[in-house]
6 protein chains.
Amino acid sequence: MEELRVTAGGNLGPIDSARIPRYAGAATFARLPRIDQVEKTDITVVGVPFDSGVSYRPGARFGANHVREASRLLRPYNPAMDISPFERVQVADAGDMAVNPFNINEAIETIQQNALDLTHDGARLVTLGGDHTIALPLLRAASERAGEPVALLHFDAHLDTWDTYFGAEYTHGTPFRRAVEEGILDTEAISHVGTRGPLYGVKDLEDDRRFGFGIVTSSDVFRQGVDETVAKLRDRIGNRPLYVSIDIDVLDPAHAPGTGTPEAGGITSRELLEILRGLRGMNLVGADVVEVAPAYDHAEITGVAASHVAYDLVSLMADEISTRKDG
Amino acid sequence: MEELRVTAGGNLGPIDSARIPRYAGAATFARLPRIDQVEKTDITVVGVPFDSGVSYRPGARFGANHVREASRLLRPYNPAMDISPFERVQVADAGDMAVNPFNINEAIETIQQNALDLTHDGARLVTLGGDHTIALPLLRAASERAGEPVALLHFDAHLDTWDTYFGAEYTHGTPFRRAVEEGILDTEAISHVGTRGPLYGVKDLEDDRRFGFGIVTSSDVFRQGVDETVAKLRDRIGNRPLYVSIDIDVLDPAHAPGTGTPEAGGITSRELLEILRGLRGMNLVGADVVEVAPAYDHAEITGVAASHVAYDLVSLMADEISTRKDG
Amino acid sequence: MEELRVTAGGNLGPIDSARIPRYAGAATFARLPRIDQVEKTDITVVGVPFDSGVSYRPGARFGANHVREASRLLRPYNPAMDISPFERVQVADAGDMAVNPFNINEAIETIQQNALDLTHDGARLVTLGGDHTIALPLLRAASERAGEPVALLHFDAHLDTWDTYFGAEYTHGTPFRRAVEEGILDTEAISHVGTRGPLYGVKDLEDDRRFGFGIVTSSDVFRQGVDETVAKLRDRIGNRPLYVSIDIDVLDPAHAPGTGTPEAGGITSRELLEILRGLRGMNLVGADVVEVAPAYDHAEITGVAASHVAYDLVSLMADEISTRKDG
Amino acid sequence: MEELRVTAGGNLGPIDSARIPRYAGAATFARLPRIDQVEKTDITVVGVPFDSGVSYRPGARFGANHVREASRLLRPYNPAMDISPFERVQVADAGDMAVNPFNINEAIETIQQNALDLTHDGARLVTLGGDHTIALPLLRAASERAGEPVALLHFDAHLDTWDTYFGAEYTHGTPFRRAVEEGILDTEAISHVGTRGPLYGVKDLEDDRRFGFGIVTSSDVFRQGVDETVAKLRDRIGNRPLYVSIDIDVLDPAHAPGTGTPEAGGITSRELLEILRGLRGMNLVGADVVEVAPAYDHAEITGVAASHVAYDLVSLMADEISTRKDG
Amino acid sequence: MEELRVTAGGNLGPIDSARIPRYAGAATFARLPRIDQVEKTDITVVGVPFDSGVSYRPGARFGANHVREASRLLRPYNPAMDISPFERVQVADAGDMAVNPFNINEAIETIQQNALDLTHDGARLVTLGGDHTIALPLLRAASERAGEPVALLHFDAHLDTWDTYFGAEYTHGTPFRRAVEEGILDTEAISHVGTRGPLYGVKDLEDDRRFGFGIVTSSDVFRQGVDETVAKLRDRIGNRPLYVSIDIDVLDPAHAPGTGTPEAGGITSRELLEILRGLRGMNLVGADVVEVAPAYDHAEITGVAASHVAYDLVSLMADEISTRKDG
Amino acid sequence: MEELRVTAGGNLGPIDSARIPRYAGAATFARLPRIDQVEKTDITVVGVPFDSGVSYRPGARFGANHVREASRLLRPYNPAMDISPFERVQVADAGDMAVNPFNINEAIETIQQNALDLTHDGARLVTLGGDHTIALPLLRAASERAGEPVALLHFDAHLDTWDTYFGAEYTHGTPFRRAVEEGILDTEAISHVGTRGPLYGVKDLEDDRRFGFGIVTSSDVFRQGVDETVAKLRDRIGNRPLYVSIDIDVLDPAHAPGTGTPEAGGITSRELLEILRGLRGMNLVGADVVEVAPAYDHAEITGVAASHVAYDLVSLMADEISTRKDG
């Protein structure tokens, strides 16, 4: 009974909410077509229901579908960027990857391979987590597709550059250290944004700096404002192929209670969205939104925030792709 | 990335949980195929996201998808009846009907027409509500398909045989009065099960009796037990084409907090399932499970109960269909 | 904009739900008139928002209004007893007593005086708590009005016959010991029903027995059934003026999560209602429902249970009063 | 047992919290007198329990009483404006309108007539919703009483100027388009404040602009600050009779989870209150606070925010009325 | 500031609640001494915060501490068995095992070694889970200490005798198959109690039967009652060293919402406690209570039920030990 | 099984999270040693589970342990101040005071005596409440130890300088009036920060000013920013011995729903933390964080905020102590 709308741009758009209420039907991201309903995608939204890499509250395995449910309210025109992303390019939802919850190493390989498969024809991925462990295989695939190390904007309360935890190399606290070690990041252009809260020791910061990371703390965002934050980030990254990884715990727990390792003093959802919109025109080759843990969410506060974040990521990509095509 | 399993019976069964974790992918009922993935169904599960007929707490518009989410845990073999329903017959999920929330009369027509369309080739419906208003058009379709008035087992805390409410004829408190008036029920064989709680007046009971309804209260179930309850119900209904309508508020609020008009002193989910299993072999031509209001649910208590109820309804139908086919 | 209905019995009944939806307007118990809207009451429902006597989870100060909110769903005819209580006698809601939260002794005096004032013309009280501390002043008033010590049925997970706690004589764990000491209970006819869970020592039971209490545990109710339970209770109490005190924690936490000292293994709301209905015809001179702590409730499970309990208490009183009047 | 305080201004003020604890008694707004307890009001608070016009999460039918419950904490002196509103003018609570949930057209007429009745003697209304559908009949009444089209400040995440939805003209997404069409708004002086989130298309904005609306987005409030926002709004509206309609979803979901169509990136409750206080001295002839859906609230976060908003609206009106009287 | 009470039996008992309120201080099980505060224990309560073996909702890693918090209400005398367990024998809380969340195999070894260490001097363990994976290493230790295969009573909605899941041998669905394979169970005396809900296929039952398991379903408990259930179980097990493993999901979701794989139609907490008490005198050498997932609990319903279950397990052991000592 | 880490500074630090997962073991504040595990402390964290002084929602008696649970995530290095507080000085958790819930006067004496005992050797206290009543005895002890009246920074939505409430002198609304009357505050240097919301009358402000209090409202923080706020506060207080009392309701309900008397329009957790960090170098002799009421919290939003606040208070003290020692 679904009725997908052919957009003015010729792409297959979301289910028509004037005919089928938003709460009806299965929830794909933003009520977009499933990937099997379109021939080819420019941007693919995909879920990774995996949380075996968490060190505290688990539950992000249910995150992708939670964000999809909350995304029922997303409409097709983004006034903040004056763009109709689903009209400009073909966006579709590829559903969830089938990932082994009992074997982290196998899980990482599956994710990497799936990501490569989904991008073999040039599509870009916006991935819904899952815990932050998944950023590593996604970055591997993104840099392989880019043909070079990628720049990274990492929005998070935490650094996620720890080494090992209980002997495990691949956890939600280590993806970016591994990525640096593997040479898949362009260490001239990697930054954390929104960090705050206590660390294990000053060595955490020293290691992080040594890897090449810049840090814009939550306090920095508060004190210098969005525009200066954006200017610095753009300055550092320039034209490089850019991957954006957003741990939803970058938001204050007031804006994202549904996550595994909350820290007080975070940025607001408005600040995050404003910063993202400031990235317009950059060469965004891949992105993820991770660590949404629905069992701790309330009234979809976190799910709604994550869905808007993902929507703006899609909009940025759609804008860049279509501008380039047109240009 | 979905992988549906072809069952021993040749039907297309649920997604294989040994390959794709239960929490992954979109939620169809019991992870069954979508209706567009099969050629023909014997039993069709369909949702009706409509709650504009409620007199107290709204929210059942989100009920069908909530039950689907909770149904991820359902496995394909039903040991209580020793049957693998999805192997015996083809069951599929038709998604949700697109129903107008602002016009009850139009909504009822849409539901009736959809139900007729879905059953044109002999398939039987198990409908996930939505509020109880929807039972009327579903009964209309069921009796039209049966070619005669149908018997009714109505599990509910309430009678739902009120006349009008604020001038409205079609609400969640009136479907069975309307159905009697329309002559689509076989009034020799209609019963409420599980009623309790205060009424407006003794006239409610008198009207109800006049329409032909028998009543097995929650107290009766408690005092006479499941087997005697079942025996009496079977006795009354016999071989007639039977429609079973289950308002989840028939369960005690402890077992079903997520509903609109809760009443203390209800039956347990175990009692309800035992009674349903007692209906084995009866000619169940249609069924619904209604009034699941997720905003009031907790940890899917209500969703899980409703999913088991719907699963047993499907099992009963599958058993009857396959037995008849084989016989 | 309220419209109270004059009942067939000439009493002023609840707001007419056919004209004003149940969710509209201020919540008096069962949408009954406020006491200032009637000339005289036969039964008065009153709230006591006090919880300074609790030893564990506080919050019962919000209990009375929570029960009133949940009581919006109560309709005026009680089919379980075939009685329209508000038609038979005048019932009204006296609102809440104004009780000092910082001084238990003063609070007890206020409650006692208010209870006496509300019953000066022969009205009987059904009190909504508040914590169990309030039973003592309510019993004082009830026995003073009865002119003799009263019989007591005490539904509770606990004995509430402890001596002192942190030096305090008047707490929610001590009212019935105090009542025995004050000679306001007829110790030939006092029973606990529904007790379970661990105690401090065997001496708790010995003291309790010495005071004269009989005990019907939750296990006893389960094993001997409702009818035998009722028979034994009636046998013991006979015709005496009877006070019924119901701690909502007598229900299993599944049926009453919203309370301060939950114990697993409790009776169901159906069992409690069945036992209460078994008290028909007894000389019920006063009653309370206490320990509803809304901050721990979910979807009004506890509030709905308590409202049905209070409704049946009112029905029992109304039946006895009107039968006596008629007789 | 209620004790209303006669204020220094001679008006009947709220219940005295030094004698009756805030959690005791029935909840009128800010514990003010019921309208039947006073002779005449200057400002009347009234509830409209209606949510049949919602397109997503229902439940605002319970909103007015939820805000009243949360308003128990409001004290009578407003230090932010240095005013004791209940002393300056007579404020009372008229309870809830009795509105048909099954017939939107009838509901709108009822609301309009009730609003006219309540303002026949010059009183101004502060209405607690209910969904945003109710703004249309309230605006009709306001402009009829004003004798001219009124200016409008509309705080909302959404435009609410859509045309029809499922064929329905009167829903919570359409009141301000209808109001423009009916000529009851002074289109020189109408503005949305706090909008954000995706739309259906750029045409939404074009239509809106054509109707005359100005827009101050949530992003604008963030970037230009409260004072500049206020200055622009005042500039546009001047001395005109002004109606303020506040959809609580103008607040970020962190500040107002209990609503039906949440959007991330909203303004804070502090920003909203600061803007409102900036309206001091304007000719505020009517106001509403709508879309509070308690089933999605937590710990009264939304209820408390809405109660403070309503309190400041009352304060603004009281200040203007009393200043004019004195002047 | 803690004050532990020396009991009449000479053992160190729980913190004295007459001096330190139950809500004060750190939560050991039943406020018992920490293991470092006593010289030797007869019974040791220990937590295993591990949930990396779950196939659906994770979170049981927080289970042990949740049960401890809920156990603050447990008092030292168990009237249902007329025993003061902490007086009879020394019981203490050993805190939590430190288990690797990222390596199931290592985790199992750690648990096994810890269990052996804690029982080296003859103490018996009551373990608080953690997911059901942990039963395997606990059974290994129990049978090693018993010097023979042990009998097993397994309370659960599920069989937990599946083979592998995603290639993993050790998960929460497989411990008892592994235990049979390892020869650590006395297959003449192993039973599931409380099972219900769908399975993958009839082969699940066939395998299970082949391993030697008896099954008492939730339906059986309902139909045959507690006493007959107990008689059959005792009959089968006799005098053998017995391990009792209780998955809290054996309870209906109404009684235990806080768990990972809920199934409707379960037994009540009263039934479970009655069955456990029926095991009095049996040779209970070890026990666990697992699968409490606090993120899904409400108002500690599940935690309280689990704490009572653990308390009765301790009481059974204490009774048997002290009787044997005395005998 | 606990393993405390000896820090580089020679002090006993928190449990090593690389060996024992953060969710394992009993929760002391920040997983620090218990006071009985160290010889002497420089800073002692202690809980006061007392809430008998509240005028609205109770429940803060559970606050201290809730904050401890949320503090499991705190790591030992504070990057915002570039300090490892537990390395610099010895910090330990003294558990909870045993306070009488039924006698406010006795409770206050117990708290005062306990505070004196805990500081007899020069240790400073960071106290976790409990309701705000406890600030009075804590201030008495602090000024006695300081040998002079202390300066006060009071973060709160409310003034807490009311006189009596229902005749009670010692409640959560009166501690600072009492403290002024008792001469234990240096009235040249006392300020409220973050106040907002209505008062009883202008006299509240006049009294407060007369006592010497300065006020920085939530609106002031918003308008003048953190740095100017800090500068003014430092200016006023200078070198005096300073006590910081933080009612968690100073935060907006979005950031702290779990509290008893929430007011909209509050400061954010980021603002609060930034202000606290601005106090670096001041002579902080004592501090408390009060009014955390867990029953109203969600996903530990409030607990996490309070834990970060307490952590920064400890960091400030540790910095000042160690700087002084070194200096």
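Residues numbered from 1 in each chain as written. Chains lettered and ligands numbered in written order. Predicted model: local features only at pLDDT ≥ 70, side-chain atom pairs only at ≥ 80, totals over all residues. Heavy atoms only, no water.

The criterion, for reference: UniProt positions are given in the numbering used here, feature names are shortened, and annotations may be inferred rather than shown by experiment.
In the annotation of an unreviewed UniProt entry, the entry for chain A reads Agmatinase, and the organism field reads Arthrobacter vasquezii. Turning to chain A, the UniProt record has this under Sequence similarities (unreviewed entry): "Belongs to the arginase family. Agmatinase subfamily."

Focus on the relation of the copies chain B and chain C
The following threshold applies: Copies are brought into register by a least-squares superposition over C-alpha atoms of residues with pLDDT of at least 70 in both. Pairs of residues are marked as contacts when any of their non-hydrogen atoms sit within 4.5 Å.
With an RMSD of 0.0 Å, the operation that places chain B on chain C is a rotation of 120° combined with a shift of 0.0 Å along the axis. Between the two chains, the operation in question is that of a three-fold axis. Proximity to the rotation axis, assessed at the C-alpha, singles out Ala254(B) in chain B; its C-alpha lies 3.0 Å from the axis. Both copies present different contact surfaces, since only 9% of the interface residues of chain B are interface residues in chain C too.

Some remarks on the side chain of Asn11(C)
All names here are of chain C. Counted only if it meets this: Strands here are runs of E lasting at least two residues and helices are runs of H or I lasting at least four, both read from the DSSP assignment and numbered beginning at the N terminus. Each polar contact in these results corresponds to two N or O atoms within 3.5 Å; when the atoms are within protein, one needs to be able to donate a hydrogen and the other to accept it, and residues that are neighboring in sequence are counted only if both atoms are side-chain atoms.
In this structure, Asn11 sits in the loop between β1 (4-6) and β2 (12-15). Here Glu87 takes part through its backbone oxygen, which lies 2.7 Å from a polar atom of the side chain of Asn11. Beyond its immediate sequence surroundings of up to four residues, Asn11 is in contact with Arg5, Val6, Phe86, Glu87, Arg88, Val89 and Gln90.

Some points on the interface of chain B and chain C
We count it as follows: The quantity reported as buried area is the accessible area (1.4 Å probe) lost by two parts once they are put together, taken as the sum for both. Within this document, salt bridges are pairs made up of a side-chain nitrogen of Lys or Arg and a carboxyl oxygen of Asp or Glu, the two lying within 4 Å of each other. By the convention adopted, Pro, Cys, Tyr, Trp, Phe, Met, Ile, Leu, Val and Ala count as nonpolar, Lys, Arg, Asp and Glu as charged, and the other residues, Gly among them, as polar.
Listed as interface residues are 33 residues of chain B and, on the opposing side, 33 residues of chain C. Among the residues of chain B in contact with chain C, Tyr56(B), Pro198(B) and Tyr200(B) are the three that bury the most area, contributing 24% of the side total. Along the contact surface separating chain B from chain C lie five salt bridges. Among the salt bridges present, the one from Glu274(C) reaches Arg223(B), with a minimum N-O distance of 2.7 Å. Taken together, the links from chain B to chain C amount to 17 residue pairs in polar contact (both at pLDDT 80 or more). Residue assignment for the side of chain B that touches chain C shows that the elements contributing at least two residues are α6 (202-211) and α7 (218-237) of chain B. Counting residues per element, the side of chain B that touches chain C draws most heavily on α7(B), at four residues. Considering only residue class, the side of chain B that touches chain C consists of 17 nonpolar, ten polar and six charged.

Description of the arrangement of the chains
Note that chain A does not reach chain C: the shortest distance linking a C-alpha of one to a C-alpha of the other is 14 Å. If you take every C-alpha in chain D and every C-alpha in chain E, the smallest gap between them is 14 Å, and the two do not touch.

Overview of the packing of aromatic side chains
Selection rule: Centres within 6.5 Å are what make two rings of Phe, Tyr or Trp a pair, Trp counting through its six-membered ring; a difference in plane orientation under 30 degrees is then read as stacked, over 60 as edge-to-face, and the rest as tilted. Buried residues are those whose accessible area, probed at 1.4 Å on protein chains only, stays under 20% of the maximum for their type, while exposed residues exceed 50% and partly exposed ones sit between those limits. Note on geometry: a ring has a charge over it if NZ (lysine) or CZ (arginine) is within 6 Å of the ring centre and within 35 degrees of the ring normal.
Counted under the stated rule, the structure contains 37 aromatic pairs over all chains. An angle of 65° between the planes, with centres 5.6 Å apart, marks the rings of Phe102(C) and Tyr165(F) as edge-to-face. With one member in each of two chains, Phe102(C) in the loop between β4 (91-96) and α3 (104-118) and Tyr165(F) in the loop between β6 (150-155) and α5 (175-181) form a pair that bridges those chains. Taken as a pair, Phe102(C) and Tyr165(F) share a single burial class, namely buried. Between Tyr165(F) and Phe166(F), the aromatic rings sit 5.2 Å apart at their centres with planes inclined by 80°, giving edge-to-face as the arrangement. Side by side, Tyr165(F) and Phe166(F) carry an identical accessibility label, which is buried. Across from the ring centre of Tyr200(D), 5.8 Å away, lies the NZ or CZ of Arg75(A), which sits over that ring.

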